[in-house]
Amino acid sequence: MMYNSMESIEKKELGETMKSISLYKIISVVAFVVLIFILIIPQKFNINKKQKAEECIRNMKTIYEAIELYMQEREEDFNGTAQDLVRTNYLKKTFECPESGVGDKYKMSGDYESGEIVVECPHYEEFHDHKLPDSIIE
Ligand SMILES: [Zn+2]
């Protein structure tokens, strides 16, 4: 009788130890997965941000070159929108900053006399890397 109860206590303890080991394992795995996510997500987010900035700059370069050509051919200032450039066949399509929702337009203008062309992202205040490099502006 005594022996039996001892055995059952040992079994019970062993069972609880096993339970706590498997619980420990589960917690470790979950913690590991959470840690991986914490490490990876911001990096992925940054890569997305960088890609969007690069796309935005590509858009602005295209617009810049369209305005440049517009002024060369027409010998006049450009004061319009991307839609005006599309209508006059200097752009194939209009562009929007990939960070924005629909409808945010690039600010653009060109001064024929000085040759100065301005193309600005509407989100420049928020994303300072959405800026044409000085090398293209000269
Ligand atoms: Zn932008």
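Just above sits the structure.
These numbers come from a predicted model, not from an experiment.

What counts and what doesn't
- Residues numbered from 1 in each chain as written.
- Predicted model: local features only at pLDDT ≥ 70, side-chain atom pairs only at ≥ 80, totals over all residues.
- Helix = DSSP H or I, 4+ residues; strand = E, 2+ residues; numbered from the N terminus.
- Buried ≥ 20, exposed ≤ 12 C-beta atoms within 10 Å, placed from the backbone.
- Contact = placed C-beta atoms within 7 Å.
- Pairing = 2+ DSSP bridges.
- Core = buried A, V, L, I, M, F, W, Y, C linked by C-beta atoms within 7 Å.

**Q** Requested: an account of the overall build of the protein chain, with residues and values cited.
**A** When you go through the protein chain residue by residue, the secondary structure sums to three helices and two strands. Across the protein chain, helices and strands are ordered from the amino to the carboxyl terminus as α-α-β-β-α. A burial count over the protein chain gives 17% of its 138 residues as buried. In the protein chain, once contacts between residues fewer than 6 apart in sequence are set aside, the share between residues at least 24 apart is 57%.

**Q** Quick rundown of the pairing of strand S1 (residues 107–110)? Include the residues and the values.
**A** Burial along S1 is one-sided: the face carrying Met108 and Gly110 is buried and the face carrying Lys107 and Ser109 is not. Sheet topology note: the S1/strand S2 (residues 117–120) ladder contains four bridges and is antiparallel. Across the sheet, Met108 pairs through a bridge with Val119, a residue of S2. Remark: six residues form the turn of the hairpin made by S1 and S2, two consecutive strands paired antiparallel; Gly115 in that turn has positive phi of roughly 80°.

**Q** Run through the nonpolar core, naming residues and quoting values.
**A** Membership of the largest hydrophobic core comes to 21 residues, with the highest contact counts inside it found for Met60, Ile63, Ala66, Ile67, Tyr70, Tyr106 and Val119. The greatest single-element share of this core, amounting to nine residues, is contributed by helix H1 (residues 2–74). Excluding anything up to four places from it in sequence, Tyr106 contacts Met60, Ile63, Ala82, Phe95, Val119, Glu120, Cys121 and Pro122.

**Q** Please give an account of unusual backbone geometry that cites residues and values.
**A** We note that Glu75 has phi near 50°; this positive angle belongs to a residue other than glycine. Note on placement: Glu75 falls in the loop between H1 and helix H2 (82–87). Assessed through the 8 C-beta atoms surrounding it within 10 Å, Glu75 is described here as exposed.

**Q** How would you sum up the environment of Lys61? Please name residues and give values.
**A** Topologically, Lys61 is positioned in helix H1. Residues Lys61 and Val119, 58 residues apart in the sequence, show an inter-C-alpha distance of 8.2 Å. In contact with Lys61, not counting residues within four places along its chain, are Leu132 and Ile136.

**Q** Describe in detail the environment of Ser109, supporting the description with residues and values.
**A** The topology assignment puts Ser109 in strand S1. Excluding residues that lie within four positions of it along the chain, Ser109 makes contacts with Phe78, Asn79 and Val118.

All we've got here are geometric facts, nothing functional implied.
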